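Observations on the three-dimensional arrangement
This is what each chain is made of:
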Amino acid sequence: MALMMPSVANAQYTSIVNQAANILQTAVVGGFSYRGYVDVSYTGGFGDLKASFAGVSTVHGFQYADWFFMGAGLGVDYVYSNPSREYGDFGGVLHTRTGGAMVPIFTDFRFNIGSRTSTSFFIDIKAGGSFLIGKDYLAVENGYISNSEYFMLKPSLGLRIPVSQSGKQAVNIGITYQLLTCNYWYNYNRSRTLNSLGGTVSFEW
């Protein structure tokens, strides 16, 4: 029995290696295909801290199945606000503005419900970080946000409309919600969230 154990272990190891190699070969040869997106969106702020976002982003990744895409993206958002009042600048220490640029960096998970060659539904979830560019604070309703990094969650739901016979190219139209955590400078650095709701249009290839 002692002599048989190494051969059994070797057989199990060989089986695991072969299975991993088969999975890798399937993925590389035909298991997934490249796909890219360009997305334009607008979301209007609501809640205690209000700010609106108009942005464009691009996503690149792989279609692992007809119903599942995963990739990574980068974008630029113009964020602006129209607060009903602004707090003081605290002795000139706090320099503020009501508009600026943010750069979101995120992973993207997209689920397709229905055939890719006809109009179908999609669910898209972007999750990552966003960065406010510049040193000045951004004034929003009831306070300010700083130029530190923020967590971003941006789910969307809508229709995928193919524009080619193969279904590889399509236009996506949907509604989108964005949650952005923020370092709330006013009132003792409380952690708060920016909520906004709007629409998105994207082209995929």
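The structure this text deals with has already been given above.
Residues numbered from 1 in each chain as written. Predicted model: local features only at pLDDT ≥ 70, side-chain atom pairs only at ≥ 80, totals over all residues. Heavy atoms only, no water.

**Here's the deal with the side chain of T43**
Assignment of secondary structure puts T43 in strand 1 (residues 33-46). Exposure remark for T43: the relative accessible area of 2% places this residue in the buried category. Only 2.9 Å separates the side chain of T43 from the side chain of S196, close enough to count as a polar contact. With residues up to four places along the chain from it excluded, the contact list for T43 reads S52, F53, T176, S196, L197 and G198. (Helix = DSSP H or I, 4+ residues; strand = E, 2+ residues; numbered from the N terminus. Buried < 20%, exposed > 50% of the residue type's maximum accessible area, 1.4 Å probe, protein only. Polar contact = N/O pair within 3.5 Å; in protein donor to acceptor, adjacent residues only side chain to side chain. Contact = heavy atoms within 4.5 Å.)

**Overview of the pairing of strand 6 (residues 120-132)**
Working note: regular strand, side chains alternate between the two faces of the sheet. Direction of pairing for strand 5 (residues 99-113) relative to strand 6: antiparallel, over a ladder of twelve bridges. Across the sheet, T107 pairs through a bridge with A127, a residue of strand 6. Connecting the antiparallel pair strand 5 and strand 6 is a turn made up of six residues, with G114 showing a positive phi of about 120°. Examined bridge by bridge, strand 6 and strand 9 (residues 149-162) share twelve bridges and lie antiparallel to one another. Opposite D124, over in strand 9, you have S156 as the bridge partner. (Pairing = 2+ DSSP bridges.)

**Re the environment of D66**
Locating D66 in the fold gives a position in the loop between strand 2 (52-65) and strand 3 (68-80). With relative accessibility at 59%, the residue D66 sits in the exposed group. Through-space distance from the C-alpha of D66 to that of G114 is 8.9 Å; in sequence the pair is 48 residues apart. If sequence neighbours within four positions are ignored, D66 has contacts with N112 and R116.

**Some thoughts on empty space enclosed by the protein**
This model, assessed by the stated rule, comprises two cavities of 30 Å³ or more. Taken as a whole, the largest cavity encloses approximately 90 Å³ of empty space. What lines the largest cavity is D39, S41, G55, V56, S57, D77, P104, F106, K126, M152, K154 and Q178. Looking at the lining of the largest cavity, the elements with two or more residues in it are strand 1, strand 2, strand 5 and strand 9. Per-element tally for the lining of the largest cavity: the top contributor is strand 2, with three residues. For the lining of the largest cavity, a count of residues per class yields four nonpolar, four polar and four charged. Contributing to the lining of the second largest cavity are Y37, Q63, F69, R110, F111, N112, R116, F122, R160, N172 and E204. The element contributing the most residues to the lining of the second largest cavity is strand 5, with three residues. (1 Å grid on protein atoms, 1.4 Å probe; cavity = no way out; pocket = protein on both sides within 12 Å on 5 of 7 lines; lining within 4 Å. Points joined across faces, edges and corners; volume = space filled by probe spheres on them. Nonpolar A, V, L, I, M, F, W, Y, C, P; charged D, E, K, R; others polar.)

**Observations regarding the pattern of salt bridges**
A complete count under the given rule lists six salt bridges for this structure. Note that E204 and R35 form a salt bridge whose closest N and O atoms lie 3.1 Å from each other. Residue E204 is found in strand 11 (residues 190-204), and its partner R35 is found in strand 1; the two are separated by 169 residues along the sequence. Assigned by exposure class, E204 and R35 land together as buried. (Salt bridge = Lys/Arg side-chain N within 4 Å of Asp/Glu carboxyl O.)

**Here's the deal with a nonpolar patch on the surface**
A surface patch of nonpolar side chains, about 920 Å² in accessible area, is lined by Y34, V38, V40, V56, F62, Y64, M70, V76, V163, F203 and W205. Listing elements by their share of the nonpolar patch, those giving two or more residues are strand 1, strand 2 and strand 3. Following the sequence through the fold, Y64 ends up in strand 2. Here Y64 falls in the partly exposed class, since its relative accessible area comes to 35%. (Patch = residues over 30% accessible without salt bridge, like charges linked within 9 Å, V, L, I, M, F, W, Y side chains within 5 Å. Areas by Shrake-Rupley, 256 points an atom, 1.4 Å probe, with all protein chains shown as cover.)

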